[in-house]
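One letter stands for each residue in the lines below.
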Amino acid sequence: MKTAKELMEDYLSNIQNPDTLAKLFTADGAIELPYLASLGMDYRWEGPENIKNMITGLLKIAPEFTFMNIKYYIETPDQVFGEYEVDCLWNGKPYKQMYMGRLVAENGRIKLIREGMNVHAVLKMRD
């Protein structure tokens, strides 16, 4: 059974493959980006199919979206917390972002990934 860190590594390295990424989640697993709610945007995607669709949409807007400079700060078998960066084009505009993410594992799958980020960078993409 995979640990939380192994699942996080799989999530981060498979962001370009929505089908593979979605299979990492439990049936009720979710990705949450709570700070997006302050911008009136969707912030939670639950279930492998919804997660796959969200990532597919993301890659249409930012085809080179990949995570880099990954650092882990807290690690237990069931939870991990880390930071990772993105530097790509978003609808043709430069997008630089630092994410912080907490992953909760359940029975070798992802139950929850909750990520925080700088909403100012997101606002710049909406202009």
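Here, every reference points to the structure presented above.
Attention in this report is confined to the structure presented alongside it. Keep in mind it's a predicted model, so treat the numbers as computed, not measured.

We describe a pair of aromatic rings using the distance from one ring centre to the other and the angle between the two ring planes. Summed over the entire model, instances satisfying the criterion amount to seven aromatic pairs. Centroid distance Phe-65 to Tyr-99: 6.4 Å. Interplanar angle 70°. Geometry classified as edge-to-face. With Phe-65 in the loop between α3 (48-61) and β3 (68-75) and Tyr-99 in strand β5 (residues 93-106), this pair connects stretches of sequence that are 34 residues apart. Ring centres of Tyr-84 and Tyr-99 lie 6.2 Å apart, and the angle between their planes is 15°; on these two criteria the pair is classed as stacked.

A complete count under the given rule lists 10 salt bridges for this structure. Arg-44 is the partner of Glu-46 in a salt bridge, and the nearest nitrogen-oxygen pair spans 2.7 Å. Here the residues in one salt-bridge network are Glu-32, Arg-44, Glu-46 and Arg-114, joined through shared partners.

With mixed pairing, the six strands of this open sheet are ordered in space as β2-β1-β6-β5-β4-β3. Two strands close off the open sheet at either side, each with one partner strand: β2 (44-46) and β3. Taken over all neighbouring pairs, the strand axes of this sheet differ in orientation by 20° on average, direction set aside. Pairing of strand β1 (residues 25-32) with β2, which is carried by three bridges, proceeds in the antiparallel orientation. In the sheet register, Ala-30 faces β2, and the bridge partner there is Glu-46. Where helix α1 (residues 4-13) meets the sheet, its contacts fall on β1, β3, β4 (79-90), β5 and β6 (109-116), and the angle it forms with β4 comes to roughly 5°. Across the sheet, α3 touches β1, β2 and β4, and the angle it forms with β1 is around 40°.

Quick look at the side chain of Glu-32 now. Relative to the elements of secondary structure, Glu-32 occurs in strand β1. A distance of 2.3 Å separates the side chain of Glu-32 from the side chain of Arg-44, its partner in a polar contact. Setting aside residues no more than four positions away along its own chain, Glu-32 makes contact with Tyr-43, Arg-44, Leu-112, Ile-113, Arg-114 and Glu-115.

Conventions we followed
Residues numbered from 1 in each chain as written. Predicted model: local features only at pLDDT ≥ 70, side-chain atom pairs only at ≥ 80, totals over all residues. Heavy atoms only, no water. Phe/Tyr/Trp six-rings, centres within 6.5 Å; stacked < 30°, edge-to-face > 60°. Helix = DSSP H or I, 4+ residues; strand = E, 2+ residues; numbered from the N terminus. Salt bridge = Lys/Arg side-chain N within 4 Å of Asp/Glu carboxyl O. Pairing = 2+ DSSP bridges. Axes fitted to C-alpha atoms, helices over the stretch in contact; angles between N-to-C directions. Contact = heavy atoms within 4.5 Å. Polar contact = N/O pair within 3.5 Å; in protein donor to acceptor, adjacent residues only side chain to side chain.

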